[in-house]
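Each chain, written out:
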Protein chains: 4
Amino acid sequence: MSIFAGFGSDNHSGVHPDVLRALRNVNDGYVVAYGHDEYTAQAMKQLKEIFGKESAVFFVYNGTAANILGLRSVTDSFHSIFCAESAHLTVHECCGPENYIGAKLVNIPTADGKLTVDGIEPCIIGIDDPHMAQPHVISITQATERGTVYHPEEIRTLADFAHTHRMLLHMDGARLCNAAAFLKTGLHELSGAAGVDVLSFGGTKNGMMYGEAVVFFDQNLAKNFEFIRKQGMQLTSKMRYISAQFSAFLSNDLWLRNALQANEMAQLLAEQLRSIPGIEISQEVQTNMVYAVIPNHCILRLQKQYYFHRFNERTCEVRLMCSFTTQPQDVLRFAEAIRKTIGEK
Amino acid sequence: MSIFAGFGSDNHSGVHPDVLRALRNVNDGYVVAYGHDEYTAQAMKQLKEIFGKESAVFFVYNGTAANILGLRSVTDSFHSIFCAESAHLTVHECCGPENYIGAKLVNIPTADGKLTVDGIEPCIIGIDDPHMAQPHVISITQATERGTVYHPEEIRTLADFAHTHRMLLHMDGARLCNAAAFLKTGLHELSGAAGVDVLSFGGTKNGMMYGEAVVFFDQNLAKNFEFIRKQGMQLTSKMRYISAQFSAFLSNDLWLRNALQANEMAQLLAEQLRSIPGIEISQEVQTNMVYAVIPNHCILRLQKQYYFHRFNERTCEVRLMCSFTTQPQDVLRFAEAIRKTIGEK
Amino acid sequence: MSIFAGFGSDNHSGVHPDVLRALRNVNDGYVVAYGHDEYTAQAMKQLKEIFGKESAVFFVYNGTAANILGLRSVTDSFHSIFCAESAHLTVHECCGPENYIGAKLVNIPTADGKLTVDGIEPCIIGIDDPHMAQPHVISITQATERGTVYHPEEIRTLADFAHTHRMLLHMDGARLCNAAAFLKTGLHELSGAAGVDVLSFGGTKNGMMYGEAVVFFDQNLAKNFEFIRKQGMQLTSKMRYISAQFSAFLSNDLWLRNALQANEMAQLLAEQLRSIPGIEISQEVQTNMVYAVIPNHCILRLQKQYYFHRFNERTCEVRLMCSFTTQPQDVLRFAEAIRKTIGEK
Amino acid sequence: MSIFAGFGSDNHSGVHPDVLRALRNVNDGYVVAYGHDEYTAQAMKQLKEIFGKESAVFFVYNGTAANILGLRSVTDSFHSIFCAESAHLTVHECCGPENYIGAKLVNIPTADGKLTVDGIEPCIIGIDDPHMAQPHVISITQATERGTVYHPEEIRTLADFAHTHRMLLHMDGARLCNAAAFLKTGLHELSGAAGVDVLSFGGTKNGMMYGEAVVFFDQNLAKNFEFIRKQGMQLTSKMRYISAQFSAFLSNDLWLRNALQANEMAQLLAEQLRSIPGIEISQEVQTNMVYAVIPNHCILRLQKQYYFHRFNERTCEVRLMCSFTTQPQDVLRFAEAIRKTIGEK
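What counts as what
Residues numbered from 1 in each chain as written. Chains lettered and ligands numbered in written order. Predicted model: local features only at pLDDT ≥ 70, side-chain atom pairs only at ≥ 80, totals over all residues. Heavy atoms only, no water. Contact = heavy atoms within 4.5 Å. Buried area = accessible area lost by both parts, 1.4 Å probe. Salt bridge = Lys/Arg side-chain N within 4 Å of Asp/Glu carboxyl O. Polar contact = N/O pair within 3.5 Å; in protein donor to acceptor, adjacent residues only side chain to side chain. Helix = DSSP H or I, 4+ residues; strand = E, 2+ residues; numbered from the N terminus. Nonpolar A, V, L, I, M, F, W, Y, C, P; charged D, E, K, R; others polar. Least-squares fit on C-alpha atoms with pLDDT ≥ 70 in both. Buried < 20%, exposed > 50% of the residue type's maximum accessible area, 1.4 Å probe, protein only. Pairing = 2+ DSSP bridges. Axes fitted to C-alpha atoms, helices over the stretch in contact; angles between N-to-C directions. Parallel < 35°, antiparallel > 145°, perpendicular 65-115°, else oblique. Left-handed = near helix turned anticlockwise from the far one by under 90°. Phe/Tyr/Trp six-rings, centres within 6.5 Å; stacked < 30°, edge-to-face > 60°.

Draft legend 1. Up close: the interface of chain C and chain D. At the junction of the two partners, chain C supplies 54 residues and chain D supplies 54 residues. For the pair chain C and chain D, the summed buried area comes to about 4,400 Å², and 58% of that belongs to carbon and sulfur atoms. At the junction of chain C with chain D, the criterion picks out 2 salt bridges. Between E93 of chain C and K230 of chain D there is a salt bridge, with the nearest N and O atoms lying 3.2 Å from each other. The tally of links from chain C across to chain D stands at 40 residue pairs in polar contact (both at pLDDT 80 or more). Elements with a contribution of two residues or more to the side of chain C that touches chain D: α1 (17–25), α3 (63–74), α5 (96–101), α9 (225–231) and α10 (240–249) of chain C. Residue composition of the side of chain C that touches chain D, by class: 25 nonpolar, 22 polar and 7 charged.

Spelled out as structure tokens, the structure:
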């Protein structure tokens, strides 16, 4: 019997049929490589309708690259980048940012994955002192690695703080769609309109196959990005296939429908878990993640049937993810398995 | 009237229907991300059948990364890498290798894109002198950027030379399939069996959408590659889609059929060009590229209808590429256009 | 009236007359550059008498380089290095380590600048997970940036812990002499003999003009250091002048006499400060540093006459340094000034 | 009998007595570290009198760092730097520039070490093409590694060419003094006044112990240099000792007197060599280097008594250097030894 991987990550699901169809639809004929094609022009048009005419948008292969190369474009090697201690950027990129940018990641403890001015402010030290890394970027994740979201006004507050200190605000938007679905806002309201300077806009976790967009809300920040992307091993030759995916993703509210489905399934899962004695939901469930503390023996047994991760390998807090393909019966069956495991104690 | 891009690059063609079908065939259900899935296991099995059980194989997104990360794994920042002056590695990666590896690329002039021991030998200097970059890798391209191929015994000679000098032999095999099709050999005969240590095995130019393989013929060389790939922004989350492409590519001789078609079309094109007075074929046509010297006024007029590149922006030598989708009528129509343009002088 | 800089840093003092004399003594005649000279041979002999015949020793210009290049030699870009949150390495090198090595510095909070197994152990996570930086080095500072020292058995405990986890122990010994003077031990007892793998051995703060030594206690760790040093901009051409300084420094117990003087003056200063109401000594005084909390208004007034730093620009804890040139009357005069300032409130 | 090292390198000589005296003269008392001291202020004043008030000047430890950090300040990782094939930058820095800057060094063949517009112009390709390194800096060496010098108008021509193409002109001035002594010009005439943007101004080869200056003729180019220097491991703590050396070096024409002596001795050596049958002077002797082709058996015998290098380990062209300490009798004795060795054939 194979292990059910659906709650392990939103990367474990496949690709939405509309996206697959889009790949086929652009397959015929010759088009110039590296983005000089009509499909890319069309995707860029759609993205600029969302993120504004002043924005500069570029495709890369994945979120790691979107974050690292986006930050690389606006950061020098003697800068520091402030991020939550739990940020993917600092925990799960195998020190790619340090290696590629040179800069220092300053990890700020948070309870819920969300940075605040109060958390950052004491770290703004050493300005103009050549011995010290120079504060330059605040990087937030929307939705956070803890499944929580920043409200537009919270983003604005961080942006104003950043700009007041001549810093920039970067957003890792691998799950921006899930945040927007939760908040019932548009994508721009949560990024450029709220003061974000550079955004990684992700699609892979929400129904695409590969491909992310780096969005600069001020084109001056992007002036070397073409070189940085190529040198950074992230210029795809057959770009029409990333473009086609984004076009489909942004058409007919696909991004929103997928995100809503994932979020709803997380709510259902949380509801089920709350009803099980001995399990504690450990983070507010706002998007497609449920964090819960589960007894260790249950984790060990459940992992024989279900693939999922502990948040920290040393604790009993687990991360359960839903995706656009998660179905209510998947959730109910999983909840049943948990119930059973708890009872077996 | 749009410009015909088919002769501009083998990246201008689409994706083979078998490859597209494979993407659909693996789309259902949940699988663990980052390569821990059955489709990746299957592709790895096929690759190891070709490249040997001792090999270690990893997928990355594109050829730039396959070359840079493959070399990064076996090279330190104080090493030098010998390559042809025309190598993609040194000309068309926006100094990605220098930036990511630190090492020095030593460009060796060649007439036909092929390195020889005679060309490399005088550059083996400064051994153990800390002031000088230490010779460490010979990187060859198969087929070369000039469309020529290395015969297996030529590769063996370079490999022996490299190993005698405690160096490694790297092969950029973005068009390894075209070389094998020309030589009527297998893929392993031209790489591991001929002494290559690290291979970039490309599929994108020959019918795939994205994805390349880095093949280490000695697993010891690969011991850190998992970290290097992740840190290098090249670990794809939904890896099943690269794996599925490779599985299709390696099934039913698809790689070979595609390469043969591209090569044959280049022969047809060369034959046509040879029949046109005033045009000189400037490199031996062995794979899917035709290099020709064409009068400047023709180039300028042709480029209004056909997209193609000069080999060097300052000369009249042009590069014409065929791909697995090129059809005889495309070639004949293009030849006719050239003939007409020449006549118009 | 000029500001008295003597308590600002042990870098504010000059060079010991023995060291200056040594520079003159090696000045005549021609010697081969880059360390192939008899004076360097002599200094190396002295260093190996101290640190063991198995050690490999190299000179660089300064402590920044000793730390960064020493670590670079034993670390890959996907590794993590554990250090105290207050370590010079992470606070005062302008993210040089991240930039040059690529690795991640994991900052561990400490009360007194000293790492413990309990502090490090929870950070040893993600082994063999390619998403995460791989634990590789523990870096300690002896004496710490807080003026405290590790006892030999504390170093041994950290070394054993490191080695058990296939990690290495690095020591920033910019003030190793001061620690040895305090503990009444030899230099080797506090480094190689206690399990340290790589040491930065500093002289500049204790009477030299420039020059530090990188000591590898296992020569295998040093096999590429010649290249790393040259590439790292730290190979001095006229090396005889660093060598001569070290020879003098290691002769007639100069290193020890200088360190004792500096340490004693710190004790005197601490004693004076303890007698002043309103001032709190905030770290145990073991070497040549005194940390004290002083009312803000006093700091502001004192800084008009005396140059010194706050430990953190946002607090009233100040760092007062003594050096081998500090004299009792300097200390008494300074204490008097503090007393006066306190009284003026 | 020891080997005479005096003709091996101008780094083999000691330090001028005026420079040694200056070290002693600044030794007393406390001064603030890292350049915030009166001796540094004095040296900066002297340097700005020479190089202009608009210049920004910084001290580093050595020439490797002056070149690499100076270039790092004005170059991005996707740029290319044009230099002579024989430039120290590309031959003898163990690929430090590639490693630290990321950029590509484009080696241009020259007969005499001097770049010309005709040599560079064909390499200015790929502008705005993200696949290709972007031409950004021309780096010349004055005097060249071949002992030849650029006349001011030659520098101006290169500077104009660079600026016309939105590039910068960098000068490695490790032997700028020797060039100025030969041309009977000032230092500024050969650098800033001739259009140079960034200069490495060397003193170590001409009588100093250690220390070089990076001079930016436009302060905007230097705006991040303080951070780059610190991060680049090149901020000396006890800076007064570099400053004092430069002050002495620039006083009483010491730099000029030393350079004249070295140059004159090279002329004497060349004159002697010309009188020996079988020896060919292979480069014009303009500064303190003599290049000569000497029969192989003579080289082998001479190297038992005299330390010197072949220009290329595979040829019989040797490099003979004079310095400010070279005396006529040294030259005559060496010439005699050569004559004897030739005769012994």
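Draft legend 2. Representation of the interface of chain B and chain D. With 26 residues of chain B at the contact, the number on the chain D side is 26 residues. Buried surface at the junction of chain B and chain D, both sides included, amounts to about 2,200 Å², of which 50% is carbon and sulfur. Three residues stand out in chain B for area buried against chain D, namely C94, K104 and R314 of chain B, and they jointly supply 26% of the buried area on that side. Counting the contacts that link chain B with chain D gives 4 salt bridges. Taking the shortest distance from any N to any O, the salt bridge between E98 of chain B and K104 of chain D comes out at 2.6 Å. At the boundary of chain B and chain D, one finds 16 residue pairs in polar contact (both at pLDDT 80 or more). Of all elements in the fold, only α4 (88–91), α5 (96–101) and β3 (104–108) of chain B reach the threshold of two or more residues within the side of chain B that touches chain D.

Draft legend 3. Focus on the relation of the copies chain B and chain D. Note on the identical chains: chain B maps onto chain D by a rotation of 180 degrees and an axial translation of 0.0 Å, with an RMSD of 0.0 Å. Such a turn and shift between the copies fits a two-fold axis. Residues of chain B ranked by C-alpha distance from the rotation axis are headed by E98 of chain B, positioned 2.8 Å from it. Both copies share a contact surface, since 100% of the interface residues of chain B are interface residues in chain D too.

Draft legend 4. A look at the pairing of strand β11 (residues 317–321) of chain A. Residue and element names in this part refer to chain A. Within β11, 5 of the 5 residues are buried, which leaves it mostly tucked inside the rest of the structure. Relative to β11, strand β9 (residues 289–293) is paired through 5 bridges, and the arrangement is antiparallel. Counterpart to V293 in the pairing with β11 is E317. Of the strand pairs in this sheet, strand β10 (residues 309–310) and β11 are connected by 2 bridges, and their pairing is antiparallel. In the strand pairing of β11, R310 is matched with V318.

Draft legend 5. Examining the packing of α1 of chain C against α10 of chain C more closely. All names here are of chain C. Closest axis-to-axis distance for the α1/α10 pair is 8 Å, and the angle between their directions is 140 degrees. In terms of their interaxial angle, α1 and α10 are classed as oblique. Crossing angle aside, the handedness with which α1 passes α10 is right-handed. Contacts from D18, V19, A22 and L23 of α1 reach α10 at Y241, A244, Q245 and A248. Residues that form the contact of α1 with α10 fall into these classes: 6 nonpolar, 1 polar and 1 charged.

Draft legend 6. Region of the structure containing the relation of the copies chain C and chain D. Between chain C and chain D, the superposition needs a rotation of 180 degrees and an axial shift of 0.0 Å, giving an RMSD of 0.0 Å. Comparing interface residues between copies, 100% of those in chain C also lie at the interface in chain D; the contact surface is shared.

Draft legend 7. Fine view of the packing of aromatic side chains. Residue and element names in this part refer to chain A. Using the criterion set out here, one finds 82 aromatic pairs over all chains in the structure. Relative to F7, the ring of F4 lies with its centre 5.7 Å away and its plane at 45 degrees, an arrangement referred to as tilted. Of the residues examined, F4 reaches a relative accessible area of 23% and is grouped as partly exposed. Residue F7 is classed as buried on the basis of its relative accessible area, which comes to 1%.

Draft legend 8. View of the pairing of strand β7 (residues 212–216) of chain D. Residue and element names in this part refer to chain D. Counting buried positions along β7 yields 5 of 5 residues, so the element is predominantly enclosed. Residues E212, V214 and F216 point to one face of β7 and A213 and V215 to the other, with burial holding for every one of them. Across 5 bridges, strand β6 (residues 198–202) lies against β7 in antiparallel orientation. When the sheet's bridge partners are listed, S200 is paired in β7 with V214.

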